[in-house]
Structures are given as C-alpha cells and as structure tokens.
Amino acid sequence: MTTDERDRDQRDQGPRARRTHLSAAGLRARGWTAGMIRRLLGEPDLRQANPYFRTAPPTRLYSVERIEAVERSEEFRAFSALAVRRSGAVREAALRRRRAVREAALPRLRAVDRLGAVDRLGAVDRLRSGPEIQVRSPPPAPDDRKVARRSSQEPP
C-alpha cells in the first residue's frame, strides 16, 4: 500500500480518531521540555516498540487525559513560563556571541580586503584556521615505470 492509498483510506474513514496517547515528541510540539515531562508526568502510561528503529528504546507514551489535566494546573503554567524565559535568554546569549565573533573578525576581514582579496569566503576560512603554516611537500615517490634501460649494444 502506497502513502497516497493510505491517505485516501484515512480520508474515507471520516473524521480522524482522537489520539489517546502522545509521545515525548508530541509533548515537545505542545511546548513541553524534557524536564517538565520528567517532573510533571513522571513514568509513561504506555511503552511501545519504537516504530522507526527496532533496536531503539521503546517509545514512551503519555495519556492525553493526564496531559491535559497537568496542563490546566498552576504548576505547569509556572514551569512553562520559566521554560519560555530560559529559552529566550539562551537565544539572546547566542546572538550576543555571534555578534562578538563578527565584530572580532571584522578588522581582520577589512585587512584582507585591503590586501586585495577577491575570494571573501576563502579569506574567512584562512582567518578561521589561524596563522598560515608552511608545509613542505613530501619527496616524490619513486616511479616504477622509469627503469634503467639497457642499450641495444650491451649483452643480456
């Protein structure tokens, strides 16, 4: 059965059946973090074999009723607000680091531009690698095809 046939069959069945359980990935899509799952939900309601990799750990499934009950609680709202604030702080810190790296590299890029560098990406790669190191090439390998040939006048 192809994907198109399966989709057609699901459409023919009418409205989609409501899910009874959600995985950790489904919870993350709803704004949950791994710590929130561990602290607020605890042990999963159901464990099933991983649908993608047989050797992977079983998928942890949590009851939708229990999830919705926890999402209505005050404790969930507090954890959720904290997670949003923490996520924003991490994003801001990453932007600050990115700006600092750009500002530190800008004088070096300008110096390379003054030297007439046409290849900007190559210049950036050279700046990342640090000072240029002179590497001597290895001696040429002996060529097996160059065999001393005997002259036609020499006896074998």
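Scroll up to find the structure this text is about.
Figured I'd write up the structure that's included with this text.

A separate point is the nonpolar core. One finds Leu27, Trp32, Ile37, Leu41 and Ile67 to be the most contacted residues of the largest nonpolar core, which totals 14 residues. Those elements that place two or more of their residues in this core are α2 (24–29), α3 (34–41), α4 (64–71) and α5 (74–114). At four residues, the largest contribution of residues to this core is made by α3. What Leu27 contacts, discounting residues up to four positions off in sequence, is Trp32, Ile37, Leu41, Tyr62 and Ile67.

Taken as a whole and assessed by the stated rule, the structure comprises one aromatic pair. Taking the centre distance of 4.8 Å and the plane angle of 40 degrees together, the rings of Trp32 and Phe76 count as tilted. A residue pair is termed long-range when its members are at least 10 positions apart, and Trp32 in the loop between α2 and α3 and Phe76 in helix α5 qualify at 44 residues. With relative accessibility at 3%, the residue Trp32 sits in the buried group.

Cut-offs applied
- Residues numbered from 1 in each chain as written.
- Predicted model: local features only at pLDDT ≥ 70, side-chain atom pairs only at ≥ 80, totals over all residues.
- Heavy atoms only, no water.
- Core = buried A, V, L, I, M, F, W, Y, C linked by side-chain atoms within 4.5 Å.
- Buried < 20%, exposed > 50% of the residue type's maximum accessible area, 1.4 Å probe, protein only.
- Helix = DSSP H or I, 4+ residues; strand = E, 2+ residues; numbered from the N terminus.
- Contact = heavy atoms within 4.5 Å.
- Phe/Tyr/Trp six-rings, centres within 6.5 Å; stacked < 30°, edge-to-face > 60°.

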